[in-house]
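Reading the structure
This is what each chain is made of:
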Amino acid sequence: MGRTLAEKILLAHSDAEEIAPGDFVMVNVDVVMANDLGGPHAARELVTMGVDRVFDPSKIVVVADHLMPAKDIQAAELLKALKAWCDRQGVTYYDQGRGGIEHTVLIEEGWVVPGSMIVGADSHSCTYGALGAFGTGMGATDIAGAMALGRFWQIVPGTIVVEFTGARNAFVTGKDMILALIAEIGVAGATNMALEFGGDGARALGIDERMAVSNMAVEAGADTGIFPADEVTAAYLEGRTDRPWAAVSTDDDADVAGRVPIDLSGLPPLVALPHSPGNVVPVSDAVGRKIDQVYIGNCANGTMTDLRQAAAVLAGRRVHRDCRAIIVPASQRIYRQALAEGLLDIFVEAGCVVMTPTCGACLGGHSGIIAAGESAVTTTNRNFKGRMGSSESFVHLANAWVAAAAAVAGEIVHPADVVGRAAA
Amino acid sequence: MRIEGRAVVIDQDDVDTDVMYPGRFLGILDDGEMATHLFEGLDPTLRDQLVGDTILVAGSNFGTGSSRENVPAAMRAAGIRCVIAKSFARIFHRNCINLGVPAISCPEAVAAARPGSRIQVEIETGAIDVDGRMFRTTALPPFMVELLNAGGLSPWIRSTRNGRLG
């Protein structure tokens, strides 16, 4: 019997000679990531564990992004203590102005290669699957354990293979592909599963859009969501990393838990209505909903691909007078590239706020909170009740075309109705 | 490990960790202070029911979403001794076990439980008594039981350091 991609990665990182779904294994890690929320908790747990030094400082990376720039004194104290801890441990720390949003930073900076095992103190650590890695999210104590031991406990997941086929329509992006999948299998449809993305529709995606897809694997309950490495992956990694890697793929005779076909040819742009990422409808069913704030950014959709789409809509247009728009490039690199391409000027001229890379408003932390009764369209990954502010507010998830078009119209519209069909 | 308590029921599926502990409180490091914000976005009056030994009873996909460990940490600090749900989201379940909070799936026991029900749970066997009615669910894997008996991952690592793990 053959093995799945996820099983091969786990097997290569464990002492086990054979593994099957449901087995308990201890798994060795290649990289352990923490941000400025989980990091301080993990540092505290290491003390409880009686561990003075992390197992290998070269394999640990910490990113300031959720609280950064410090929103208040409490945040400032946490960030100050976190930097001191990183310096003391000798681990890599991406401070304010030097990195950006964790998952984008790890991928851009060469920490992630195909076949690697990466754990992060953030549920969206599944994003690393965009480059063929087994990335998975966990809590701070788990991460402290991985920092102490270099390994963690894991139940081997089954694998669901998602086959994206057919050519995409205009204004349909990776965001819509993962929303379509979540709508199909449900928000717990991949619990204790690894998702694997295949088919010509998956292979046609660039890394930016693969990140958008892998990022929301956890929104279907999955441990991770992996694109097998291919020539697109190889081209992206060229000159970006000196870590060795080899492409791994699922054997033809591997036992998979399920196969889910998604036909892209009939797929329109989608919107996840409040208050669940699984509450998905075609954009046409959401048209006319008044929007108070648009947010384009985050670890799922704050890439150059997203910003270029948003700029194509906003160029020469204005944000509607009853709407606010926030643009959050996901990293310093993206920020500079967008600056160089003139996109930031387009956004500012249109009446958007351009933020520094931060997770702030996405999780209702700071820098763009919404009030009771307000509705938002965002390119983020969660629209739970109260996620971005008041418990009486409403978040709609969509791609950057749809989000930018809503900013111009002040309500949800099909982007073709703002820019014309030919613009996509 | 045998746990007894009275049921507090959250009769909903897909309850996410954002509503159980909203993002604006994530800068808090003290477990006791976290407990004062538990269930803030769901139903703050639930906190008033957490008196004495509580066994939390919940629906399916409980704890979906963010990996924020503040939820089980606040639950532990608020006196929740065990969580029984129809099913759990993976990261939340890991976090409960790692913090020494037993978390067990048993849809039948959840269906039988009412607010205030008297519940007893045998962690090793998966036997659950709800007001005198017996239910049996799949026992947790031995390693998870070992973590729970140690009080969680941190005390387990402290006590087994340099030993063979797993």
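For the structure, check the block above.
Residues numbered from 1 in each chain as written. Chains lettered and ligands numbered in written order. Predicted model: local features only at pLDDT ≥ 70, side-chain atom pairs only at ≥ 80, totals over all residues.

1. Describing the overall build of chain B
Check the secondary structure of chain B and you find seven helices and seven strands. Each helix and strand of chain B, placed in order from N terminus to C terminus, yields the pattern β-α-α-β-α-β-α-β-α-β-β-β-α-α. What you see for chain B is a C-alpha radius of gyration of 15 Å, in line with the 15 Å of a compact globule of 166 residues. Considered along the principal axes of its C-alpha atoms, chain B spans approximately 45 × 40 × 25 Å. Within chain B, buried positions represent 49% of all 166 residues. Contacts in chain B between residues at least 24 apart in sequence constitute 68% of all its contacts with a sequence separation of at least 6. (Helix = DSSP H or I, 4+ residues; strand = E, 2+ residues; numbered from the N terminus. Rg over C-alpha atoms; globule rule 2.2 N^0.38 Å. Buried ≥ 20, exposed ≤ 12 C-beta atoms within 10 Å, placed from the backbone. Contact = placed C-beta atoms within 7 Å.)

2. Re the overall build of chain A
The helix and strand inventory of chain A stands at 15 helices and 18 strands. Taken over C-alpha atoms, the radius of gyration comes to 21 Å for chain A, in line with the 22 Å a tight globule of 424 residues would show. Projected onto the principal axes, the alpha-carbon positions of chain A cover approximately 60 × 55 × 40 Å. Across chain A, the fraction of contacts at a sequence separation of at least 24, relative to all contacts at a separation of at least 6, is 78%.

3. Describing the pairing of strand β9 (residues 193–198) of chain A
Residue and element names in this part refer to chain A. Where burial is concerned, most of β9 is hidden: five out of the six residues are buried. The pairing of strand β8 (residues 158–165) with β9 spans six bridges and is classified as parallel. Across the sheet, the residue bridging to Val162 is Phe197, located in β9. The parallel pair β8 and β9, bridged by helix α6 (residues 174–185), forms a crossover whose chirality is right-handed. In this structure, β9 lies alongside strand β10 (residues 224–226), joined through three bridges in parallel fashion. (Pairing = 2+ DSSP bridges. Right-handed = clockwise from strand over helix to strand, strands pointing away.)

4. Observations concerning the sheet that holds strand β7 (residues 133–136) of chain B
The strands making up a sheet are joined through hydrogen bonds of the backbone, oriented either antiparallel or parallel. Residue and element names in this part refer to chain B. Ordered by their spatial adjacency, seven strands build an open sheet running β4-β3-β2-β1-β5-β6-β7, and the pairing between neighbours is mixed. Bordering the open sheet on either side are β4 (103–105) and β7, each of which pairs with just one other strand. For this sheet, the mean inter-axis angle between neighbouring strands, taken without regard to orientation, is 30°. As judged from the four bridges shared by strand β6 (residues 127–130) and β7, these two strands associate in the antiparallel manner. Residue pairing across strands places Val130 opposite Arg133, the latter belonging to β7. (Axes fitted to C-alpha atoms, helices over the stretch in contact; angles between N-to-C directions.)

5. Points about the interface of chain A and chain B
Each side of the interface is counted separately: chain A has 44 residues, and chain B has 36 residues. Going through the elements one at a time, β1 (24–28), α2 (38–49), α3 (73–89) and α5 (140–149) of chain A are the ones with two or more residues in the side of chain A that touches chain B. Among the elements that take part in the side of chain A that touches chain B, α5 of chain A stands out by supplying seven residues, more than any other. Class assignment of the residues belonging to the side of chain A that touches chain B gives a composition of 19 nonpolar, 17 polar and eight charged. (Nonpolar A, V, L, I, M, F, W, Y, C, P; charged D, E, K, R; others polar.)

6. Looking at α2 of chain A
Helix length check: α2 of chain A, at twelve residues, gives a terminal C-alpha distance of 16 Å against a target of 16 Å (1.5 Å per residue), a fit within 8%. The element α2 of chain A is extensively covered by neighbouring structure, given that nine of its twelve residues are classed as buried. Among all positions in α2 of chain A, only Gly38, Gly39, Pro40, His41, Ala42, Ala43, Glu45, Leu46 and Met49 of chain A are buried. Its buried side turned inward, α2 of chain A meets β2 (31–35), β3 (60–63), α3 and α5 of chain A together with α7 (153–160) of chain B. Just downstream of α2 of chain A lies Gly50 of chain A, where phi reads positive at about 75°. (Expected span 1.5 Å × (residues − 1).)

Function cannot be read off these values alone, since they describe shape.
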